[in-house]
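Inside the fold
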Amino acid sequence: MAQLLIVDDEAHVVERLAELVPWERIGIAAVHKGYSAFEALELLHAHAIDIVISDIRMPGMTGLELSRHIRDKWPKTKCILLSGYAEFEYAKVAIANGTASYLLKPVTDEELLDTVSGVLETVREEWNAVISQERIARTLRENLPQLRSTLLGELLLGKRYSEADLRDKMEMLGVPDLFGKPVSLLLVRLEKPFFGYDPRGLALVEYAAGNIAGELFAPGFQLWAGKDTYDYLVFAVSSEATGEGEEERQQALERAAEQLQEAIHAYLKGEATIVISREGTFPGDLAALYDGTLSALRRRVGNEQDLILTAADGLPERTELRSLASLYELPSLAQLLEAGQWDVADQRIERIFGELQTRSGCIQELLLEAYFAIASAAASYAHKNGRPLSGLIGPGYDQLLQGVPYRSVRHLQDWSVALMNSLRCETESETKHSRAKLIADVRQFVERRLAEDVSLTAIAEHVYMHPVYISKIYKRETGENISDYVHRLRMEKAAHLLLHTPGKIYEIAADVGYQRAHSFINVFKKHTGLTPQEYRDKYASPQSESEVNRHDTST
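Now for a look at the structure at hand. (Residues numbered from 1 in each chain as written. Predicted model: local features only at pLDDT ≥ 70, side-chain atom pairs only at ≥ 80, totals over all residues. Heavy atoms only, no water.)

In the segment running from lysine 192 into proline 193, the intervening peptide bond is cis, with an omega of 0°. Summarising the element assignment, proline 193 is placed in the loop between β6 (182-190) and α8 (199-217). Even without being glycine, lysine 269 reaches a positive phi, approximately 60°. As for its placement among the helices and strands, lysine 269 is situated in the loop between α9 (246-268) and β9 (272-276). According to the relative accessible area criterion, lysine 269 is exposed, its value standing at 61%. You will see that tyrosine 464, though not glycine, has its phi angle at about 60°, which is positive. Relative to the elements of secondary structure, tyrosine 464 occurs in the loop between α17 (456-463) and α18 (467-478). Assessed through its relative accessible area of 76%, tyrosine 464 is described here as exposed. (Helix = DSSP H or I, 4+ residues; strand = E, 2+ residues; numbered from the N terminus. Buried < 20%, exposed > 50% of the residue type's maximum accessible area, 1.4 Å probe, protein only.)

This is the structure:
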């Protein structure tokens, strides 16, 4: 659904076009009103407006000048100019500014609707071109290396995807189908002289190293290239050979790694250390393979350079204690809380303690690890929201101060679930309270200034919030658009004044924010089916009628 902006320095023109033309018939979802070119620019900053209808002759900035601003800053927004002057010069300037159409006043509703409908079709055609399959495919091809690297990096850090989602992503990115296959990782640390390169030069070297690896490992291996958070090159490698055992595959991989290192020496004039992981199954073992490879690089290589190491060789398995993998999956627990993804955070807590239940040995160490990670995520969330953790979780804070509050998996799980529930309830209560206050502030402002400027821009300035946020929250909380609320309030107040005061029609029109009585009469009739005078004659009590007559006689 599209958004329309009507701009004219004559308020009655804006009100008539906004209120009486059946815009919804052609797919206009929202109509914004601007009473000067400057107010129009503010509204354009605040809303995703598709079409602007503007008068040409306006003080301060003309419609022609406004159309130039729109063309330069919002090239997708279309302008339709209205003028009471038939000079051809205006039309020529409007066309030169890229104006979508030019209409002469007075214009009928049908003519206006036909013109806007035609411009909307142009807008849709342009957006269809932007999102066309061919263009998307071309953009995807241009960004494939980065997208492939990002997905591999997420898997290395333990991000979980359903098998269907991961298969779809890999197929879309043209990644080899590695599901269920034996896979090894190659970690390549580029060393001198590459660590002295600027980012652009290093990126070219990394790209070249990836291309060299692709050539050397084909056709015997399937290769998925990426880069990790430490700026190491990472290759997920699976052998294409059938009938070979793990030892044969490992030897073939080591020979290919040696060739890669020699090619970096010969063609890139530099050095690199390569660490080869043990073999695992894709995708379930990928994160564990990566952790083991990093550990081997850290413990067995250190600062030494230009080495090749197979991580499984001579490296004893430390099976007595391993970290809780679910604690460090991406997105992290702290990130889930910060994003307000409470249901996903609850699922993560459940998975953490599910993993704890399967572990034996050093359970107190693992409980300590889980406790610190969960408490840290909660503290980070509270402090990023400018609140002390004690204020968010209440009595549970005292248990935090005591260190690990429980000595069993079950007790720590109960404490963690209670902690998450406290954070969630307090936050949701605060959100609900802040939204209720916002609705009250908006309504109070509108009711107090109904005869003045109660545009969305004016409301936003009053409550110091973005107009789009106010508009969406108001609709979400009340089920009604702010503009509909203002219109309804004006009509209700007008009806009350008509029945209970002796005011003239033009006085009542001014009291509810209409500068022209004619505009008020048209809008009121559309709302009630009666003109203001007909409404007064039909519904006013005899006593009210006598008061009106006395007022008319006295005046």
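Moving on from the coordinates now.
Residues Leu337, Phe353, Leu356, Ile374 and Leu423 are the most contacted members of the largest nonpolar core, which totals 31 residues. Looking at this core, the elements with two or more residues in it are α11 (333-338), α12 (342-358), α13 (363-384), α14 (389-393) and α16 (409-448). The element that contributes the greatest number of residues to this core is α13, accounting for 11 residues. With residues up to four places along the chain from it excluded, the contact list for leucine 423 reads Leu337, Trp342, Ala378, Tyr381, Leu389, Leu392 and Ile393. (Core = buried A, V, L, I, M, F, W, Y, C linked by side-chain atoms within 4.5 Å. Contact = heavy atoms within 4.5 Å.)

Taking 1.5 Å per residue as the helical rise, α12 with its 17 residues ought to reach 24 Å, and the 25 Å between its terminal C-alpha atoms agrees with that figure. All buried positions along α12 are accounted for by Trp342, Ala345, Arg348, Ile349, Ile352, Phe353, Glu355 and Leu356. What you see down the axis of α12 is that its buried residues fit within an arc of 150°, all on one side. For α12, exposure combined with an orientation more than 90 degrees from the buried face picks out Glu350, Gln357 and Thr358. In this fold, the buried residues of α12 make contact with α11, α13 and α16. (Expected span 1.5 Å × (residues − 1). Arc of directions from axis to C-beta.)

This part takes up the environment of leucine 356. By the secondary structure assignment, leucine 356 is in helix α12. Of the residues examined, leucine 356 reaches a relative accessible area of 1% and is grouped as buried. Distance in space between the C-alpha atoms of leucine 356 and valine 409 is 7.0 Å, their sequence separation being 53 residues. Not counting residues within four places of it along the chain, the set of residues in contact with leucine 356 comprises Leu324, Ile363, Leu366, Leu367, Ala370 and Val409.

Let's shift gears to the sheet that holds strand β1 (residues 2-7). Strand pairing in a sheet takes place through backbone hydrogen bonds and is either antiparallel or parallel in direction. Strand order in this open sheet of five strands is β2-β1-β3-β4-β5, and the pairing throughout is parallel. Strands at the two margins of the open sheet, each flanked by one partner only, are β2 (28-34) and β5 (101-104). Strand-to-strand twist in this sheet, taken as the mean axis angle between neighbours without regard to direction, amounts to 20°. Pairing analysis gives four bridges linking strand β4 (residues 78-83) to β5, with the strands arranged parallel. Paired with serine 83 across the strands is leucine 104, a residue of β5. Contacts from helix α1 (residues 11-20) reach β1, β2 and β4 within the one sheet, and its direction differs from that of β2 by about 170°. (Pairing = 2+ DSSP bridges. Axes fitted to C-alpha atoms, helices over the stretch in contact; angles between N-to-C directions.)

Looking now at the side chain of serine 326. Turning to its location among the elements, serine 326 is positioned in the loop between β11 (308-310) and α11. With relative accessibility at 1%, the residue serine 326 sits in the buried group. Engagement of the side chain of serine 326 in a polar contact is seen with the side chain of glutamate 355, the distance being 2.5 Å. If we skip the residues at most four places from it in the chain, serine 326 touches Arg348, Arg351, Ile352 and Glu355. (Polar contact = N/O pair within 3.5 Å; in protein donor to acceptor, adjacent residues only side chain to side chain.)

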